[in-house]
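# Structure assessment
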Amino acid sequence: MARLGVNIDHVATLRQARGTKYPDPAAAAVAAEKGGADQITVHLREDRRHIQDHDVRTLRHTVQTELNLEMAVTDEMIKIALDVRPNTVTFVPEKRKELTTEGGLDVRAVRKKLKKQIEELKKGGIRVSLFIDPDLSQVEESRELGADAIEIHTGQYADAKNGSLELERIRTAALKGKEIGLYVAAGHGLHYQNTKSVAAIREIEEFNIGHAIVARAIFVGFEQAVREMRELVR
Ligand code: PXP
């Protein structure tokens with residue numbers, strides 16, 4: 001049964017839009033766990049557009065399941081991760097002007113830096129995952145660099161008019177990852193209509209889903225929105 005990581009970034013987006021104290025991402029995490037989330041995921045972006053440093057620190061104390069911190073490959077972020085000690089760090093590429101994470105990491109391009117950072121985090125007892133496109137060479141490179149896990153970027157699948165080709169790429173990458181001993185997660189752009197087909201890929205052990213859950217929560221409440229997504233991924 002696949003696990004569901006609930007990404008609560010956009011609860012913070014709503015808060016930051018007005019500079020208020022509400023809605024509180026930590027309260028959303030509690031509701032998500034009540035609804036059956038197996039993990040809480042947050043992306044501490046370099047521009048701090050949604051999740052703030054204090055959110056990550058609070059969540060470390062309040063999350064009962066596991067905390068997955070998504071972050072860019074920078075020295076500043078490594079320092080924060082080693083201090084906060086989330087269960088997992090997921091390295092993601094980051095561009096200042098993007099609306100959301102636009103593609104997977106080019107693992108080869110940041111090889112040297114990544115290798116060092118993966119070692120440091122693993123020494124600190126933190127699991128390391130790399131957010132990559134469904135590309136076999138990126139999967140193999142992730143393993144060579146010592147990552148524990150990969151998260152396959154499902155954005156192209158979500159955006160495609162006919163997602164079947166993209167679905168095959170995801171399946172092939174997931175199979176490869178599993179075959180070479182990686183834990184395989186997937187996420188980005190998944191919603192209540194397109195998740196079931198990806199969730200049918202048995203090799204994917206975890207999904208990280210955010211925007212669609214937060215959007216649905218407006219109408220049915222956070223706990224229920226998570227419960228419905230959990231049914232889909234399982
Ligand atoms: N996984 C990763 C690595 C991400 O960067 C994001 C977006 O922050 C997600 C999952 C969740 O994507 P979405 O909000 O589209 O569900």
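In what follows, the structure referred to is the one given above.
Residues numbered from 1 in each chain as written. Predicted model: local features only at pLDDT ≥ 70, side-chain atom pairs only at ≥ 80, totals over all residues. Heavy atoms only, no water.

### Let's talk about the overall build of the protein
For the protein, the helix and strand inventory stands at 11 helices and 8 strands. Its C-alpha radius of gyration of 16 Å places the protein within 12% of the 17 Å reference for a compact globule of 234 residues. Each of the three principal axes of the protein carries a C-alpha extent, and together these read 45 × 40 × 30 Å. The buried share of the protein, taken over its 234 residues, is 53%. For the protein, restricting intrachain contacts to residue pairs at least 6 apart in sequence, the fraction spanning at least 24 positions comes to 67%. Distance from the positive charge centre (36 side chains) to the negative charge centre (36 side chains) of the protein: 2 Å. (Helix = DSSP H or I, 4+ residues; strand = E, 2+ residues; numbered from the N terminus. Rg over C-alpha atoms; globule rule 2.2 N^0.38 Å. Buried < 20%, exposed > 50% of the residue type's maximum accessible area, 1.4 Å probe, protein only. Contact = heavy atoms within 4.5 Å. Lys, Arg positive; Asp, Glu negative; His and termini not counted. Charge placed at Lys NZ, Arg CZ, Asp CG, Glu CD.)

### Notes on the packing of aromatic side chains
Tallying each qualifying case throughout the model produces 0 aromatic pairs. The ring of Tyr-192 carries the charged tip of Arg-216 above its face, separated from the ring centre by 5.7 Å. (Phe/Tyr/Trp six-rings, centres within 6.5 Å; stacked < 30°, edge-to-face > 60°. Lys NZ or Arg CZ within 6 Å of the ring centre and 35° of its normal.)

### Examining empty space enclosed by the protein
Scanning all chains against the criterion turns up 1 cavity of 30 Å³ or more. If you add up the space inside the largest cavity, you get close to 60 Å³. Of all the secondary structure elements, the ones that give two or more residues to the lining of the largest cavity are strand S4 (88-91), strand S5 (127-132), strand S6 (149-153), strand S7 (183-187) and strand S8 (206-209). Residue composition of the lining of the largest cavity, by class: 3 nonpolar, 6 polar and 3 charged. (1 Å grid on protein atoms, 1.4 Å probe; cavity = no way out; pocket = protein on both sides within 12 Å on 5 of 7 lines; lining within 4 Å. Points joined across faces, edges and corners; volume = space filled by probe spheres on them. Nonpolar A, V, L, I, M, F, W, Y, C, P; charged D, E, K, R; others polar.)

### Let's talk about the environment of Ser-197
Checked against the element boundaries, Ser-197 lands in helix H9 (residues 195-199). Note: C-alpha distance between Ser-197 and Val-84 (113 residues apart in sequence) is 35 Å. Contact partners of Ser-197, with chain neighbours within four places excluded, come to Tyr-157 and Leu-167.

### Structural notes on the packing of helix H6 (residues 136-144) against helix H8 (residues 164-179)
At a closest axis distance of 9 Å, the pairing of H6 and H8 adopts a crossing angle of 20°. Classified by the angle their axes make, H6 and H8 are roughly parallel. The handedness of the crossing between H6 and H8 is right-handed. Residues Leu-136, Val-139 and Glu-140 of H6 lie in contact with H8, whose contacting residues are Thr-172, Ala-173, Lys-176 and Gly-177. Considered class by class, the residues forming the contact of H6 with H8 number 3 nonpolar, 2 polar and 2 charged. (Axes fitted to C-alpha atoms, helices over the stretch in contact; angles between N-to-C directions. Parallel < 35°, antiparallel > 145°, perpendicular 65-115°, else oblique. Left-handed = near helix turned anticlockwise from the far one by under 90°.)

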